[in-house]
Amino acid sequence: MRSYIEIIYLDDNDQACKTDMEHVGVTNAETWAEFRSLRRYEVNKKSARFLLDYHNSSGDLADTICIDVGGFITITGSKPKSDAAYRAIDRDYWRKAQSSSRKQTQDAVLCAATG
């Protein structure tokens with residue numbers, strides 16, 4: 001697995017929402033260097049609207065940078081979506097993840113029953 005940077009949105013209730021925005025560098029070292037370079041946009045947690053999460057090559061969350069809307073625009077080159085749009089992306093992500101998990105469980109049960 002490759003390391004990656006994921007952008008998380010903090011909704012109006014301070015709940016973390018998926019954004020479908022990730023970045024993978026050419027190498028793990030490059031991704032880590034890019035992540036560290038984004039620390040210049042860091043703000044305190046109370047001012048944050050987004051989180052930049054760095055996931056290492058094992059997939060573990062290894063570091064987080066809090067950023068505000070201005071940092072988001074500078075980093076991504078685009079304006080943020082609405083609170084409702086990010087909540088919808090998050091709901092869709094978890095619905096798909098749950099469906100995939102159910103399918104894997106069903107496949108494992110079927111395999112065990114026929115194996």
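An account of the accompanying structure is given in this report. None of the values given here were measured: they were computed from a predicted structure.

Secondary structure assignment for the protein chain yields 3 helices and 4 strands. When the 115 residues of the protein chain are sorted by exposure, 28% land in the buried category. Taking as baseline every contact in the protein chain between residues at least 6 positions apart, the subset at least 24 positions apart corresponds to 54%. In the form shown here, the protein chain has an accessible surface area of approximately 7300 Å², with 52% of it arising from carbon and sulfur atoms.

With a phi angle near 65 degrees, Asp14 is a residue other than glycine that sits in the positive phi range. With respect to the helices, strands and loops of the structure, Asp14 is situated in the loop between β1 (4–10) and β2 (16–23). The residue Asp20 is not glycine, and still its phi comes out positive at about 65 degrees. Given a relative accessible area of 61%, Asp20 falls into the exposed group.

Summarising the element assignment, Arg91 is placed in helix α3 (residues 83–114). The partly exposed category is assigned to Arg91, whose relative accessible area is 48%. The spacing of Arg91 and Lys18 is 73 residues in sequence and 8.5 Å in space, taken between C-alpha atoms.

Before going further, it helps to spend a moment on the sheet that holds β1. If you walk across this open sheet you meet the 4 strands as β2-β1-β3-β4, and the pairing is antiparallel. In this open sheet, the two strands that pair with only one neighbour each are β2 and β4 (61–67). If you compare each strand with its neighbour and ignore which way they point, the axes differ by 25 degrees on average. Pairing of β1 with strand β3 (residues 50–55), which is carried by 6 bridges, proceeds in the antiparallel orientation. Following the sheet pairing, Tyr9 is matched in β3 by Phe50. Contacts from helix α1 (residues 28–37) reach β1, β2, β3 and β4, with the element oriented near 155 degrees to β3.

Rules used in this analysis
- Residues numbered from 1 in each chain as written.
- Predicted model: local features only at pLDDT ≥ 70, side-chain atom pairs only at ≥ 80, totals over all residues.
- Heavy atoms only, no water.
- Helix = DSSP H or I, 4+ residues; strand = E, 2+ residues; numbered from the N terminus.
- Buried < 20%, exposed > 50% of the residue type's maximum accessible area, 1.4 Å probe, protein only.
- Contact = heavy atoms within 4.5 Å.
- Areas by Shrake-Rupley, 256 points an atom, 1.4 Å probe, with all protein chains shown as cover.
- Pairing = 2+ DSSP bridges.
- Axes fitted to C-alpha atoms, helices over the stretch in contact; angles between N-to-C directions.

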